[in-house]
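# Secondary and tertiary structure notes
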Amino acid sequence: MLAKINSACVPGIDACRVTVEVDIANGMPSFSIVGLPDTAIKESRDRIRSAIKNSGFDFPTKRITVNLAPADVKKEGAGFDLPIAVAILVATNTLQTEKYKDYIICGELSLNGEVKPIKGALPIALSFSKARRNKILIPFDNIQEAAIVKETDAYPAANLKEVADFLNGQVEIKPKKIDAARLFKKNSRCRLDFSDVKGQDHVKRGLEIAAAGSHNVLLIGPPGSGKSMLAKRLPTILSDMNIEESLETSKIHSVAGLLPPKKGLIAARPFRSPHHTISDCALTGGGTYPNPGEISLAHNGVLFLDELPEFKRNVLEVMRQPLEDQTITISRVAGTLTYPARFMLVAAMNPCPCGFFTDPKKECRCTPAQIQKYLSKISGPLLDRLDIHLEVPRLNYEQLTKRTETETSSQIKERVDRARGIQRQRYRKEGFLFNAFLESKELERYCQLGTEGQELLKMAILELGLSARAYDKVLKVARTIADLDAKGTLEACHISEAIGYRSLDRNLWV
Amino acid sequence: MVLQYRVPDLNQIFMDNKTLGKTGEDLAVRFLKRKGYTIIYRNWRCLLGEIDIVAREKDFIVFIEIKARRSLSFGPGYLAVNHRKQSKLIKLGQAYLKRYGLTESPCRIDVVSIDMPESGADFEIELIKDAFWENRT
């Protein structure tokens, strides 16, 4: 007998429909799966056999052929265990019902028949929200993410026996609903705060500007000066994610299987800090069946690269294109996928191998050649994409022990929100949102200089030897500073502050 | 290395492998009949080889491989049905089904494993139903 079950797979970040067809015929018993399955799916034969037997059903001693249609799309993951098992039960008349036709069934099976969580439950729930058939039977552990989607009815499946009884009408399973807005609010709380950081006021100011204009930042300072601490608190001053952004980010995390099980939705901006031994594929995403990498996991959030020169050179260079396009396209034999990668890059590094080059108290023992070699790991084009360079100096005793009220993250965030609002209004007809993405053509239109500002910039170019590249960056950053100031034209103070954020460019990279 | 000699069991000298197989098959047939199998063929042969027993149980045509062992020093009998033997049995089964036009009937392969230390003594007989499947990928 033939049975057809609707299921889904997630190549990339959007689900596509897969029909699981099972034919059971007489003849020499065998069990085969066709339709470009990967190893995990081929192995599912053994899981399904045990799961069916251990759930109290008979496994047919027949010729079983499973087809995963469309046959030309490569399928991966163990999510087809449950639909295949259900299809076998239907084909052997164990389930005498048509009810299964209304559901999209996904789930991995354990040998005892328990349904285990799958990757990508959220994209599945999202892609079928507009479809006519919008009931999904999803593993119990994935219900949090799937239940967020209002238009989709998500039914939790705990084990194969229960699913069979449910489809036979003997047991009632209720679709679970979660109020996304409430969950969103609950999850968006963060423990970290900028007021935890003592001193470093100019760095905080720099990060505020970076957050306002979505500029990429480079923090340079001796060890222990608080670079990582500051960077970790950057997400707390970025304006809150809206629900669409949150869904985008959660989708990527769902595909990677990284959604926290009880949470279901990522509401706080992600902060990813991969170790510097990371490979290029782990950063950009990759694999035979491409998986999202760190830059995609940091989508709508912050990617923090600590000890930037320690990263392998090719790893750093692969980030250049996604930093421009805000997406990453991965091409493999299995197919070409595009993952979103709109993130703020925050990099931290020491000024030299020993770390004390800019430290007034400790002597640096590196030779100029060593420093040169260390710094040359960061290529011009990459440096080009880091708009703001901040020097994070060592704190002295007074600064460390001073008990003064510092600004909290929410105070800074208010200003950031205002500046971002101004940009959104200004660029509503453009294809981008923030100052960081201004091209030279648009710079002319949006960065009108006052006479004083013009003078200052001229002087900077002549005296400080600013390059054309640096000129553009200064204008962009000055634009953001003016937005924080709620000023239309760029004034001298904005320009001078912006020039300050390029100084390291000259001091270190000559 | 110390070589260990053991005086061979008289039974092992007098009973060659052929007789052992034959005795095993007789035992198995008796056993299967008691289990409700109807024996269709003993030693069904074709160009590919031989099936020890072809039987019918309920709706199933059952191909049965018998493995008799004198001692367990090489492991139990059913372990001797290795991958090569399995694929051979599958081919034989298919040939049988084809010859008698039974390709549409349910069938399976069982293994009977007999452990008989010496003739006349107690022996152990074990039936493994649906022992293995054709391995298509």
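First, a word on scope: everything that follows refers to the structure included in this document. (Residues numbered from 1 in each chain as written. Chains lettered and ligands numbered in written order. Predicted model: local features only at pLDDT ≥ 70, side-chain atom pairs only at ≥ 80, totals over all residues. Heavy atoms only, no water.)

Applying the stated criterion across every chain yields a total of 14 aromatic pairs over all chains. Aromatic side chains A:Phe59 and B:Trp133 sit 5.7 Å apart centroid to centroid with 35 degrees between the ring planes, which places their arrangement in the tilted category. Highlighted residues: A:Phe59 in the loop between helix H1 (39–54) and strand E4 (63–69) and B:Trp133 in the segment after strand E5 (124–128), drawn from two different chains. Per residue, the accessibility class of A:Phe59 equals that of B:Trp133, and both read buried. Ring pairing ties together the aromatic residues B:Tyr41, B:Trp44, B:Phe63, B:Tyr96 and B:Tyr100, which thus form one cluster. In this structure, A:Lys99 is placed above the aromatic ring of A:Phe166, and the distance from its NZ or CZ to the ring centre is 4.1 Å. When the ring centre of B:Phe60 is taken as origin, the NZ or CZ atom of B:Arg108, which lies over that ring, is 5.4 Å away. (Phe/Tyr/Trp six-rings, centres within 6.5 Å; stacked < 30°, edge-to-face > 60°. Helix = DSSP H or I, 4+ residues; strand = E, 2+ residues; numbered from the N terminus. Buried < 20%, exposed > 50% of the residue type's maximum accessible area, 1.4 Å probe, protein only. Lys NZ or Arg CZ within 6 Å of the ring centre and 35° of its normal.)

We now examine helix H9 (residues 243–255) of chain A. Residues and elements named next belong to chain A. Its 13 residues give H9 an end-to-end C-alpha distance of 18 Å, which sits within 8% of 18 Å, the value for a rise of 1.5 Å per residue. Looking only at H9, the buried set comprises Glu-245, Ser-246, Thr-249, Ser-250, Lys-251, Ile-252, His-253, Ser-254 and Val-255. At the exit of H9 stands Gly-257, carrying a positive phi of roughly 70 degrees. (Expected span 1.5 Å × (residues − 1).)

One pass over the full model with this rule turns up 30 salt bridges over all chains. Put simply, A:Lys177 and A:Asp153 hold a salt bridge, and the shortest N to O gap is 3.4 Å. Placement of A:Lys177 in the loop between helix H5 (160–167) and helix H6 (180–187) and of A:Asp153 in strand E9 (residues 153–157) is noted, with a sequence separation of 24 residues between them. With a shortest N-O distance of 3.7 Å, B:Arg42 and B:Glu25 are connected by a salt bridge. Highlighted residues: B:Arg42 in strand E1 (residues 38–46) and B:Glu25 in helix H2 (residues 17–34), separated in sequence by 17 residues. (Salt bridge = Lys/Arg side-chain N within 4 Å of Asp/Glu carboxyl O.)

With that settled, the discussion passes to the sheet that holds strand E14 (residues 302–305) of chain A. Residues and elements named next belong to chain A. If you trace the five strands from one edge of the open sheet to the other, you get E11-E14-E17-E10-E18, paired in parallel fashion. The sheet is open, and its two edges are formed by strand E11 (271–272) and strand E18 (388–391), each paired on a single side. Pairing analysis gives four bridges linking strand E10 (residues 217–220) to strand E17 (residues 344–349), with the strands arranged parallel. The partner of Leu-218 across the bridge, within E17, is Ala-347. Packed on one face of the sheet, helix H7 (residues 201–213) meets E10, E17 and E18 and runs near 165 degrees to E18. (Pairing = 2+ DSSP bridges. Contact = heavy atoms within 4.5 Å. Axes fitted to C-alpha atoms, helices over the stretch in contact; angles between N-to-C directions.)

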